[in-house]
Amino acid sequence: MNDEMYSSYDLLDILCPMHAVLNETGHVVHAGPTLHKVFADKPLIGARFLERVELRRPHVADTMEGLRGCHGARLHLRLRDSLRTGMKGVLIALSQDGPSLGPPGGAIINLSFGISVVDAVRDFSLNAGDFPATDLTTEMLYLIEAKSAAMEASRKLNLRLQGARIAAEEQAYTDTLTGLKNRRAMDHVLERLMQAEQDFALMHLDLDFFKQVNDTMGHAAGDQVLQDVARRILAETRADDLVARTGGDEFVLIFAGLTGRERLTEIAARLIMRLEEPIMYSGQECRVSGSIGATLSCAYEAPDVARMMADSDLALYAAKARGRGCHVIYEPALRDDAPLRGIG
């Protein structure tokens, strides 16, 4: 090749860095620097162009003659590799004789990635310098990068907002002193269980002798007792059981899926035993106990939350009437003992 040919190729490299120059047999004799990066794993020079790139449209014979027949037409191509990256192109058939930019009877094909450019930039490690200075692809890449940065910032903001919302909801459902759930959380869980028509056990627990602790040792001692009681109740229940503090020294426990009276009796007895263990405050023992009333949703033909809350409350006061530090599971006969509610 002469100096003029090298000069022509230099111009093509600058103006069309994704071009390929083919000889009369369809083999690549020169390629732009960007195209070399695309085919970094497979040498392009000396290879037959149509063995590296598949011509998808227009449908012509897979020969150099068929390729030259696409002069000036818009080409749809695809790389013959594992990525199968789509490309667009235009071909100029070179004259058989006379001066030209390449071998007589050959062709020059200028290529672009079209809408596949974003994937191509990633897959072939391309940058702005791999495209012509006048190519709008450069501006598009900047816009895509800016959009990606904005979307990432938006994603992080959404995550922070979501985290703040979850934290706010968690706080709204939490008793600040003990860390247990509160009445609002209890109502939410009960509503969900009723909608799912899932059986559950409902337990009311009220501390015995707690007022004496407050009166003799102060509210700070009472607060520590409540916190220690909360830890003990949690230790005796499952992670998916709900334990809520619904009043000063009143607690409600919900056991989803629990339908056996014997099992409920075992849990109540174990809770009372744990609560009767002394709690130390400033070197002094604080002693409380627990009275428990409970009921089972499966004991009702049509469970109703308000009815179950009232029945477990009746059972709780029956437990207090029997001397405190015991448990009672609701039975209809307890309604005859309604005056027991006056016992503190």
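Residues numbered from 1 in each chain as written. Predicted model: local features only at pLDDT ≥ 70, side-chain atom pairs only at ≥ 80, totals over all residues. Heavy atoms only, no water.

### A closer look at unusual backbone geometry
Part 1 of the argument: Across the junction of Arg57 and Pro58, the peptide omega takes the value -5°, indicating a cis bond.
Part 2 of the argument: Looking at the secondary structure, you find Pro58 in the loop between strand 3 (53-57) and helix 4 (64-68).
Part 3 of the argument: Although it is not a glycine, Ser125 adopts a positive phi angle of roughly 55°.
Part 4 of the argument: Inspection of the secondary structure puts Ser125 in the loop between helix 5 (117-123) and helix 6 (136-172).
Part 5 of the argument: The backbone of Arg324 sits at a positive phi, close to 65°, despite the residue not being glycine.
Part 6 of the argument: In this fold, Arg324 is placed in the loop between helix 11 (305-321) and strand 13 (327-329).
Part 7 of the argument: Overall, the relative accessible area of 31% leaves Arg324 in the partly exposed class. (Helix = DSSP H or I, 4+ residues; strand = E, 2+ residues; numbered from the N terminus. Buried < 20%, exposed > 50% of the residue type's maximum accessible area, 1.4 Å probe, protein only.)

### Let's talk about the nonpolar core
Part 1 of the argument: Core analysis: the biggest nonpolar cluster contains 32 residues, and Leu35, Phe49, Leu67 and Phe113 have the highest contact counts within it.
Part 2 of the argument: Those residues in contact with Phe49 that sit more than four places away from it in its chain are Ala20, Leu22, Gly26, Val28, Leu67, Leu77, Ile109 and Leu111.
Part 3 of the argument: Counting 31 residues, the second largest nonpolar core, distinct from the first, contains Leu264, Val288, Ile292 and Ala294. (Core = buried A, V, L, I, M, F, W, Y, C linked by side-chain atoms within 4.5 Å. Contact = heavy atoms within 4.5 Å.)

### A look at helix 10 (residues 261-275)
Part 1 of the argument: Taking 1.5 Å per residue, 15 residues should reach 21 Å; helix 10 reaches 21 Å between its end C-alpha atoms and fits that length.
Part 2 of the argument: Those residues of helix 10 lying buried are Leu264, Ile267, Ala268, Leu271, Ile272 and Leu275. An end-on view of helix 10 places all buried positions within 130° of arc, on one side of the element. Across helix 10 from its buried face, at more than 90 degrees, point the exposed residues Glu262 and Met273.
Part 3 of the argument: Where the residues of helix 10 are buried, they touch strand 7 (200-208), helix 9 (219-235), strand 9 (250-256), strand 12 (289-296) and strand 13. (Expected span 1.5 Å × (residues − 1). Arc of directions from axis to C-beta.)

### Examining the packing of helix 9 against helix 10
Part 1 of the argument: Between helix 9 and helix 10, the shortest axis-to-axis distance is 10 Å and the interhelical angle comes to 145°. Classified by chirality, the crossing of helix 10 by helix 9 is right-handed. Of the residues in helix 10, those touching helix 9 at Val229, Arg232, Ile233 and Ala235 are Leu271, Arg274 and Leu275.
Part 2 of the argument: Classifying every residue of the contact of helix 9 with helix 10 gives five nonpolar, no polar and two charged. (Axes fitted to C-alpha atoms, helices over the stretch in contact; angles between N-to-C directions. Left-handed = near helix turned anticlockwise from the far one by under 90°. Nonpolar A, V, L, I, M, F, W, Y, C, P; charged D, E, K, R; others polar.)

### Some thoughts on the packing of aromatic side chains
Part 1 of the argument: The final tally for this structure, using the stated rule, is one aromatic pair.
Part 2 of the argument: Geometrically, the ring pair formed by Phe113 and Phe124 is stacked, given 6.1 Å between the ring centres and 20° between the ring planes. Taken together, the positions of Phe113 in the loop between strand 6 (107-112) and helix 5 and Phe124 in the loop between helix 5 and helix 6 put the pair 11 residues apart, joining distant regions of the chain. With respect to class, Phe113 is no different from Phe124; both count as buried.
Part 3 of the argument: Residue placement shows Arg184 over the ring face of Tyr173; its charged tip is 5.1 Å from the ring centre. (Phe/Tyr/Trp six-rings, centres within 6.5 Å; stacked < 30°, edge-to-face > 60°. Lys NZ or Arg CZ within 6 Å of the ring centre and 35° of its normal.)

### What to know about the pattern of salt bridges
Part 1 of the argument: Summed over the entire model, instances satisfying the criterion amount to 22 salt bridges.
Part 2 of the argument: Notably, a salt bridge pairs Arg232 with Asp228, separated by 2.6 Å at the nearest N-O pair. A residue pair is termed a helical-turn pair when its members lie 3 or 4 positions apart in one helix, as Arg232 and Asp228 do in helix 9 at four residues. Exposure class is identical for Arg232 and Asp228. Each is buried.
Part 3 of the argument: Residue Asp241 pairs with Arg238 through a salt bridge whose shortest N-O separation is 2.6 Å.
Part 4 of the argument: What makes Arg238 partly exposed here is its relative accessible area of 40%.
Part 5 of the argument: Shared partners join several salt bridges into a network, and the residues in it are Glu236, Arg270, Arg274 and Glu277. (Salt bridge = Lys/Arg side-chain N within 4 Å of Asp/Glu carboxyl O.)

### Points about the sheet that holds strand 8 (residues 242-245)
Part 1 of the argument: Taken in spatial order, the five strands of this open sheet run 8-9-7-12-13, and their pairing is mixed. Both edges of this open sheet fall to strand 8 and strand 13, since each of them pairs with a single strand only. The average undirected angle you get between the axes of adjacent strands in this sheet is 15°.
Part 2 of the argument: Judged from the eight bridges that link them, strand 7 and strand 12 form a sheet pairing that is antiparallel. For Leu207, the partnering residue across the bridge sits in strand 12 and is Gly290.
Part 3 of the argument: Set on the sheet, helix 11 makes contact with strand 7, strand 12 and strand 13; between it and strand 12 the angle comes to about 145°. (Pairing = 2+ DSSP bridges.)

### Looking at the UniProt feature "domain: GGDEF" (unreviewed entry) in the chain
Part 1 of the argument: When the UniProt feature table is mapped onto this chain numbering, "domain: GGDEF" (unreviewed entry) sits at residues 198-332.
Part 2 of the argument: The distance separating the terminal C-alpha atoms of residues 198-332 is 22 Å; by composition the span is 42% helix and 27% strand. (UniProt positions renumbered as here; feature names shortened; annotations may be inferred.)

### With respect to helix 11
Part 1 of the argument: Between the first and last C-alpha of helix 11 there are 24 Å, a value that for 17 residues agrees with the 24 Å anticipated at 1.5 Å per step.
Part 2 of the argument: Buried residues of helix 11: Met308, Met309, Asp311, Ser312, Asp313, Leu314, Ala315, Leu316, Ala318, Ala319 and Lys320, and no others.
Part 3 of the argument: On its buried face, helix 11 sits against helix 7 (183-196), strand 7, strand 12 and strand 13.
Part 4 of the argument: Its side-chain oxygen at 3.2 Å from the backbone nitrogen of Ala306, Asp304 defines the N-terminal cap of helix 11.
Part 5 of the argument: Just past helix 11, the residue Gly323 takes up positive phi, approximately 115°. (Polar contact = N/O pair within 3.5 Å; in protein donor to acceptor, adjacent residues only side chain to side chain.)

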